[in-house]
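Survey of secondary and tertiary structure
So you can see what is in the structure, the chains are spelled out below.
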Amino acid sequence: LGIEDAVHYASEGKLILLDVRPAEEFAAGHLPHAINMPIEMLGKRMHELPRGMALAAYCRGPYCFLAHEAAAKLESASPEESQKKPPRRGIRTQA
């Protein structure tokens, strides 16, 4: 999923953009319509995310591991949901 498409779907309420960077980085700048849920808080705040909604986690760019870690945490917390959907691939960024 490209950044422009992700922002478009989020603006229509069809996708949740989940920025998993620290709050300070989010405050310095983030994608439109994104919500911040730092990776270290994800386990404690996961209940705040609507169930059954498409989700794209992102972090600092293509070499950042936080979005992959977030996707793994989200899928392991809801194995029945992850079996129904294709794997999450995240948002493609320019290298």
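Residues numbered from 1 in each chain as written. Predicted model: local features only at pLDDT ≥ 70, side-chain atom pairs only at ≥ 80, totals over all residues. Heavy atoms only, no water.

**A look at the confidence of the model for the protein**
Here the protein shows a mean pLDDT of 84. Residues at 70 or above account for 81%. When mean pLDDT is compared element by element in the protein, helix α2 (residues 23-28) scores highest at 97, while helix α5 (residues 79-84) scores lowest at 47. For the stretch residues 81-88, pLDDT sits under 50, and the model shows 10 contacts to residues farther than four places along the chain or on other chains. (pLDDT = per-residue confidence, 0-100. Helix = DSSP H or I, 4+ residues; strand = E, 2+ residues; numbered from the N terminus. Contact = heavy atoms within 4.5 Å.)

**Some details on helix α1 (residues 3-11)**
Buried within α1 are the following residues: A6, V7 and A10. Here the buried residues of α1 occupy an arc of 95° about the axis, which is enough to place them on one side. Looking at the packing, one finds that the buried side of α1 touches β1 (16-19). Following α1 by one or two positions, G13 has its phi on the positive side, about 75°. (Buried < 20%, exposed > 50% of the residue type's maximum accessible area, 1.4 Å probe, protein only. Arc of directions from axis to C-beta.)

**Points about the nonpolar core**
Counting 15 residues, the largest nonpolar core has L18, V20, L42 and L49 as its most contacted members. Those elements that place two or more of their residues in this core are β1, β3 (55-58) and α4 (66-77). Of all the elements, α4 adds the most residues to this core, at four residues. Setting aside chain neighbours within four positions, we find L49 in contact with I16, L18, I35, M37, L55 and L74. Among the nonpolar cores identified, the runner-up in size contains 10 residues, and A10, L15, L17 and F26 belong to it. (Core = buried A, V, L, I, M, F, W, Y, C linked by side-chain atoms within 4.5 Å.)

**Remarks on the sheet that holds β3**
A sheet is described by the order of its strands in space; here three strands give the open sequence β2-β1-β3, paired in parallel fashion. Of all strands in the sheet, those bounded by a partner on one side alone are β2 (34-36) and β3. Put simply, the sheet's adjacent strands are angled 30° from each other on average, direction ignored. By the bridge criterion, three bridges tie β1 to β2 in an arrangement that is parallel. Within β2, the residue paired with L17 across the bridge is A34. (Pairing = 2+ DSSP bridges. Axes fitted to C-alpha atoms, helices over the stretch in contact; angles between N-to-C directions.)

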